[in-house]
Amino acid sequence: MAVLTEEQSMLKDQAQAWSRDESPVAKFRQMRDSGVAMGFDDATWSDIAAMGWTGILIPEELGGSGMDHATFGVVLEEMGRQLVASPLFASSLVGASALLLGGTDAQRQRWLPGVAAGDAIVTLAVDEGPHHRPEGIALQVERSIDGFTLTGSKTFVLEGGSADAFVVAARTSGEPGDKAGITLFLIPSDADGISVTSLKMADSRGYADLTFSNVKAGTDTVLGEVDNAFDLLDALLDRARAGLAAEMLGTACEAFDRTLVYLKTREQFGQVIGSFQSLGHRAATLFMDMEFARSCVEAALRAIDDGSDEVPILCSLAKCKAGEFLHDMSNDMIQMHGGIGMTDEFDAGFFLKRARAAEAAFGGQSFHRRRYISHFGI
Amino acid sequence: MSSENRQDSFREEARRWLTENFPATLAHQRPPGIAGFGAKFRGDWKVWQSNLGEKGWSAPTWPAEFGGGGLTPQEARVLAEEMAAIGAISPIGGFGIMMWGPTLLDVGTEEQKQRYLPPIIRGDIHWCQGYSEPGAGSDLANLQSFAEDKGDHFILNGSKVWTSGALEADWMYGVFRTDRNNKYEGISFLTLDMKSPGVEVKPITLISGQSPFNEVFFNDVVIPKEDLIGEKNQGWNIGKRLLLHERQGIAGSGGGSVIGGSYDLEKVARDYIGLEDGKLADGAMRERIAMQKMFAHAYALTRHRFGDEAAVHGPSPAVGIMKVAWARDNQNREELLIEMLGNRGLGWEGAGFSDKELLTVRTWLRSKANSIEGGTTEINLNLVAKRVLGLKGY
């Protein structure tokens, strides 16, 4: 692990202790069993807000603590370890980043203090089909003298059922598939013409489909430039990818640790099963994947904080490598635990289901391989 | 001065020194012969070798009192970046720089460091490593070459195998049996002059047609007691320590073939497969190239991170995974290259093939040793399972 600053190691300790003591995987199980439609429980969310993590990225004058993405990554990794379900990622990282990257002063003043306090949830509505394809945006916009009218749909919107506002990526010109012609709007979830349908997904987290029918948006709702927001969207998506990769790394590391304990305690043929080379070598190979994924995640977060040119390539690398490791680890967690791993009573299923949902969000491994290699001119 | 300012000012210093001391004719050239295995340089290479060696930047982080560069790890990285930027490759390398020197710095006496280190740094004495034997590969401690104690000297009989660069080397360090009744506590770490009477070297031809490895036979070779490193019968720990440096060195050497010269993947893809609408015409191959490049990238980032950590804590058994990754990286890349070259990818010799094509074939074949040399992939996974993960039975 990279050398942490004093602030980061304090936050890490705090996040580790809180999630272990107050919000362990058992808490997630309770939430799932209770069938909460929102995909998180209010008490957990209030705790997170009370500790100030909701304001990590937000400047002090707007109610936050103005820290960086590497620091947020440390907290998200700990959340990932215990599968803590909350809008922290969707709102305090993605929603806040949209405003920080593209918001006007008025928009920031209006929304960021609420996001920092955990009172307002702002989330990104980007995808329209089963796969992440940001340039494929079709949601139609008609321009009028006093603003815009949005018609179309969005799907798999994180925390869509509990959001107070949506950052909506929409098409103001061109065709789906064009990078030009995309505009971002910030629209309150109670605007006329928006309907929200919650989705029940395998990972039990909050997702929703949105329908926009003739939703009016004034010129003051535009984030960034009209017709020219693809770069802004891409920068925002990269922050989302790196942050989610940090959470995924935490989830996978926890799956690794729990599996390693099992290899050291489960006995068959009169010996611990970890003494069999077929399992020991797999564990050692997974250890390599874990170290590699960590290097990529830390490099991506650092690149964002440094404003490096390598942000796109490193964020694709981080999302892909964290995704590959989490994918394999969540499978091997079940396989190495044998039958018990298949039971709902055991936690491995939660890791597996969360793994696939997080892999798919903001581009899976295949998406990021294509995005990565396109930088090399082939 | 902040550490960043210090690095910036060192960068200036390194740049200036390189401008004055690196012959521009050598930019992006690899040293002739096998670097560090005894190449005796001439002309500009000789100039570059002696400039670099005198400055101590062939061993940038070794203490200046022994002729090393005395640089911090951060400065050494800056130096490496500046050298890479102008295509300056050090002609001083091999076992002395990568393993023997670092081990001596850990375990050597003051006198031994003064004796052995300066000629390594200057590139004057080239070392080979006497480890593997016909019956001692992965089970290295089963080695049988016997050094009999004769009071003020040893008499050595036996043989070593897979000895890289033995034909060119001036000296050998290695592990030898000094007590037949104790497997691990019967091994001593010795150095010997390769010109000693009774030393015979026979090259081994590999599947690549090349002979980078040798057999070395010892017939009543006299080794003075001053060439014993550490205590008699306590050489196994030094030998293992050195292997850690070997893996660290291999892990730290970055992607790329050990003998070099292979193409980059994008160029071969463009030249031999071609693009359609700006993308590689073979979509399946495009994804495999992406995966290979991403693995190499992740490996490089991890190498940096482990390097930073090793600078603080010393080499860690976790570098075992870097050795495994290095082999996988090399072998996958070479396989992709051969596959992309298609029918031109298996030419053996002659004018029908370009030099690069022919070299790629040999490099591909040579890369098969990467998961065997320096500890097999399986042995390294055992070590990681045992020492890093704490699993029993390895």
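Residues numbered from 1 in each chain as written. Chains lettered and ligands numbered in written order. Predicted model: local features only at pLDDT ≥ 70, side-chain atom pairs only at ≥ 80, totals over all residues. Heavy atoms only, no water.

**Focus on the overall build of chain B**
Then, in step 1: If you tally the helices and strands in chain B, you get 11 helices and 10 strands.
Then, in step 2: In terms of C-alpha radius of gyration, chain B reaches 22 Å, essentially the compact-globule figure of 21 Å for 394 residues.
Then, in step 3: If one aligns the C-alpha atoms of chain B with their principal axes, the spans along those axes are about 75 × 50 × 50 Å.
Then, in step 4: Within chain B, contacts between residues at least 6 apart in sequence are counted, and of these 71% link residues at least 24 apart. (Helix = DSSP H or I, 4+ residues; strand = E, 2+ residues; numbered from the N terminus. Rg over C-alpha atoms; globule rule 2.2 N^0.38 Å. Contact = heavy atoms within 4.5 Å.)

**Notes on the pattern of salt bridges**
Residues and elements named next belong to chain A.
Then, in step 1: Throughout the structure, instances matching the rule amount to 48 salt bridges over all chains.
Then, in step 2: A salt bridge links Arg-81 to Glu-254; the nearest nitrogen and oxygen atoms lie 2.9 Å apart. Within this pair, whereas Arg-81 is found in helix 4 (residues 69-81), its partner Glu-254 is found in helix 7 (residues 230-265), the two being separated by 173 residues in sequence.
Then, in step 3: By relative accessible area, which is 15% here, Arg-81 ends up buried.
Then, in step 4: The class of Glu-254 is buried, set by a relative accessible area of 11%. (Salt bridge = Lys/Arg side-chain N within 4 Å of Asp/Glu carboxyl O. Buried < 20%, exposed > 50% of the residue type's maximum accessible area, 1.4 Å probe, protein only.)

**Focus: the side chain of Ser-19 of chain A**
Residues and elements named next belong to chain A.
Then, in step 1: Take Ser-19: it is sitting in helix 1 (residues 6-21).
Then, in step 2: A polar atom in the side chain of Ser-19 sits 3.2 Å from the backbone oxygen of Gln-16.
Then, in step 3: When residues no more than four places from it in sequence are discounted, the contact partners of Ser-19 are Pro-24, Glu-78, Met-79, Gln-82 and Val-84. (Polar contact = N/O pair within 3.5 Å; in protein donor to acceptor, adjacent residues only side chain to side chain.)

**Some remarks on the interface of chain B and chain A**
Then, in step 1: At the interface, 41 residues of chain B touch 39 residues of chain A.
Then, in step 2: Buried area between chain B and chain A, both sides added, is near 3,200 Å², and the carbon and sulfur share of it is 69%.
Then, in step 3: Considering only the side of chain B, the residues that lose the most area to chain A are Met-294, Arg-305 and Leu-389 of chain B, jointly responsible for 21% of the buried surface there.
Then, in step 4: Scanning the region where chain B abuts chain A turns up 2 salt bridges.
Then, in step 5: When the shortest N-O distance is used, the salt bridge between Glu-291 of chain A and Arg-305 of chain B registers 2.8 Å.
Then, in step 6: Mapped onto the side of chain B that touches chain A, the elements with two or more residues apiece are helix 7 (265-272), strand 10 (279-280), helix 8 (283-313), helix 9 (319-341) and helix 11 (377-388) of chain B.
Then, in step 7: Per-element tally for the side of chain B that touches chain A: the top contributor is helix 8 of chain B, with 16 residues.
Then, in step 8: Looking at the side of chain B that touches chain A residue by residue, the classes come out as 24 nonpolar, 6 polar and 11 charged. (Buried area = accessible area lost by both parts, 1.4 Å probe. Nonpolar A, V, L, I, M, F, W, Y, C, P; charged D, E, K, R; others polar.)

**Quick notes on the domain arrangement of chain A**
Residues and elements named next belong to chain A.
Then, in step 1: By domain assignment, chain A separates into domain 1 (6-120), domain 2 (124-228) and domain 3 (231-376).
Then, in step 2: Using only C-alpha atoms to locate each centre, domain 1 and domain 3 end up separated by 21 Å.
Then, in step 3: On the domain 3 side, the residues contacting the 21 residues of domain 1 number 29 residues.
Then, in step 4: Summed over both sides, the interface of domain 1 with domain 3 buries roughly 2,200 Å², with 64% coming from carbon and sulfur.
Then, in step 5: Here domain 1 is connected to domain 3 by 6 salt bridges.
Then, in step 6: Here Arg-294 ties to Glu-77 by a salt bridge, and the two come within 2.7 Å at their closest N and O atoms.
Then, in step 7: If you look at where domain 1 meets domain 3, you find 11 residue pairs in polar contact (both at pLDDT 80 or more).
Then, in step 8: Going through the elements one at a time, helix 2 (25-34), helix 4 and helix 5 (88-102) are the ones with two or more residues in the side of domain 1 that touches domain 3.
Then, in step 9: Counted by class, the side of domain 1 that touches domain 3 contains 10 nonpolar, 6 polar and 5 charged residues. (Domains from an automatic or database assignment.)

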